[in-house]
Amino acid sequence: MILSPDILVQAVANGLLTGAIYALIALGLTLIYGVLHIINFAHGALLTAALFAAFYADRGLGIDPWLSVFALAPAFFALGYLLQRMVIWPASRGEDRAILLVTLGLAVMIENGLLFNFRSDTRTIDHPFGFAVIELGTMLLPTTRVVAFFAALAVTAALGLFLALTDTGRAIRAVAKERLGAELSGVDVAHIYGVTFGLGTACLAVAACLLLPSFYVTPQVGNAFVLVAFTIVVLGGMGSVPGALAGGFVIGIVESMTGLIYGETLGQLGIFIIFILVLLVRPQGLFGAKA
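Colleague: Can you walk me through the overall build of the chain in this structure?
Modeller: Secondary structure summary: the chain contains eleven helices and two strands in total. From first element to last, N terminus to C terminus, the chain shows the α and β order α-α-α-α-β-β-α-α-α-α-α-α-α. The globule rule puts the C-alpha radius of gyration for 291 residues at 19 Å, and the 19 Å found for the chain is close to it. With respect to the three principal axes, the spread of C-alpha positions in the chain is 60 × 50 × 35 Å. By the burial criterion, 51% of the 291 residues in the chain qualify as buried.

Colleague: For this particular structure, what's the right way to read the pairing of strand β2 (residues 139–142)?
Modeller: Consecutive side chains of a regular strand alternate in pointing toward one face of the sheet and then the other. Going residue by residue along β2, you find M139 and L141 tucked away on one face and L140 and P142 left uncovered on the opposite face. Across four bridges, the pairing between strand β1 (residues 133–136) and β2 is antiparallel. Its bridge partner lying in β2, E135 is registered against L140. Linking β1 to β2, which pair antiparallel, is a turn of two residues; within it G137 sits at a positive phi near 65°.

Colleague: I keep staring at helix α9 (residues 221–236) and nothing clicks. Help me out?
Modeller: Three or four residues apart is the spacing at which side chains of an α-helix point the same way, because the helix has 3.6 residues per turn. With 16 residues, α9 ought to run about 22 Å at 1.5 Å a step, and its terminal C-alpha atoms sit 24 Å apart, in line with that. Among the 16 residues of α9, twelve are classified as buried, and the element is accordingly described as predominantly covered. Considered for burial, the residues of α9 that qualify are V221, G222, F225, V226, V228, A229, T231, I232, V233, V234, L235 and G236. Packing partners of the buried residues in α9 comprise α1 (5–36), α2 (43–61), α8 (189–211), α10 (241–262) and α11 (269–281). Of the residues trailing α9, G237 is marked for its positive phi of about 115°.

Colleague: Explain a nonpolar patch on the surface here, please?
Modeller: On the surface, F41, L101, L104 and V108 cluster together into a nonpolar patch covering about 380 Å² of accessible area. Relative to the helices and strands, L104 resides in helix α4 (residues 96–118).

Colleague: When you look at the packing of aromatic side chains in this model, what are you seeing that I'm missing?
Modeller: Any pair of aromatic rings gets described here by the distance separating the centres and the angle formed by the planes. For the structure shown, the criterion picks out ten aromatic pairs. Ring geometry for F52 against Y56: centres 6.5 Å apart, planes inclined by 15°, an arrangement best described as stacked. Of the two residues, F52 and Y56 are both situated in helix α2; the distance of four residues between them amounts to about one turn of the helix. On the basis of relative accessible area, Y56 is assigned to the partly exposed category, the value being 33%. Between F55 and Y56, the aromatic rings sit 5.0 Å apart at their centres with planes inclined by 90°, giving edge-to-face as the arrangement. The exposure class of F55 is buried, given its relative accessible area of 3%. Members of the aromatic cluster, joined through ring pairs, are Y22, F215, Y216 and F225. A cation over an aromatic ring shows up here: R119 above the ring of F116, its NZ or CZ 5.7 Å from the ring centre.

Colleague: Would you mind going over the packing of α2 against α9 with me for this structure?
Modeller: When two helices pack together, their arrangement is given by the angle between the helix axes and by the axis-to-axis distance. At their nearest, the axes of α2 and α9 sit 7 Å apart, and the two run at 130° to each other. Judged by the angle between their axes, α2 and α9 are oblique. Crossing geometry of α2 relative to α9 is assigned as right-handed. Residues H43, G44, L47, T48 and L51 of α2 form the contact with α9, whose own contacting residues are V221, G222, N223, F225 and V226. Residue composition of the contact of α2 with α9, grouped by class: five nonpolar, five polar and no charged.

Parameters and conventions
Residues numbered from 1 in each chain as written. Predicted model: local features only at pLDDT ≥ 70, side-chain atom pairs only at ≥ 80, totals over all residues. Heavy atoms only, no water. Helix = DSSP H or I, 4+ residues; strand = E, 2+ residues; numbered from the N terminus. Rg over C-alpha atoms; globule rule 2.2 N^0.38 Å. Buried < 20%, exposed > 50% of the residue type's maximum accessible area, 1.4 Å probe, protein only. Pairing = 2+ DSSP bridges. Expected span 1.5 Å × (residues − 1). Contact = heavy atoms within 4.5 Å. Patch = residues over 30% accessible without salt bridge, like charges linked within 9 Å, V, L, I, M, F, W, Y side chains within 5 Å. Areas by Shrake-Rupley, 256 points an atom, 1.4 Å probe, with all protein chains shown as cover. Salt bridge = Lys/Arg side-chain N within 4 Å of Asp/Glu carboxyl O. Phe/Tyr/Trp six-rings, centres within 6.5 Å; stacked < 30°, edge-to-face > 60°. Lys NZ or Arg CZ within 6 Å of the ring centre and 35° of its normal. Axes fitted to C-alpha atoms, helices over the stretch in contact; angles between N-to-C directions. Parallel < 35°, antiparallel > 145°, perpendicular 65-115°, else oblique. Left-handed = near helix turned anticlockwise from the far one by under 90°. Nonpolar A, V, L, I, M, F, W, Y, C, P; charged D, E, K, R; others polar.

Right, dumping it as structure tokens:
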């Protein structure tokens, strides 16, 4: 199959824009792993909850998703903090293996609660900007994805500056590096765990608000994104914030190119091939360090 340069450039551009959303979702997952050293199985369910929150903020309150992000991001930070401090940590008694089971149980509860209350109907919102495009040469770029691209860069940069320049950020990095040493130095580890979980959950709220204008909502929709996000975390390096961004862009391009060549239904085939190759060749990821 011979593809024209214009089609290839359009596919790469679409992949970068889609990868920005993936990167935001993976950002929360890798941050939680980097500090708590666990995979948060509730990540997909919390993304679904954020999508429903953004949907009903639009339908019930008339606040479009790009504006509701300023309310939902702090709200989901608080939700993540409370879940970690009041549910996950007490129920697990601080054991990593138990935390995995608690987050899995939390995911089941959230998904079934959403399914019970909202049924399995597919919901969408109808906004003019949801179908708007930006013409750039021969390319037509969806406005919602262009906004998401720059938002992903801004959130990643803000998170990096927060971790590097603030006292809480330095405490987060200390706990990620050496939990016991940080605790002996006076760091409240339980509080830092809560803050980290809250930040990871807030990233999901941002991703949901950027995703909703051009996507749909169902009680299980978050799971598909988290499978891709986990691949990004492995590709970028477990716990690496820059790796999540770079991995998101790589995976977005791979998915777009695979879909272009083999058809949209096989678009994610390339993602899982990349996943297997990374595990075989460089298991620490692009930005990760060897254990």
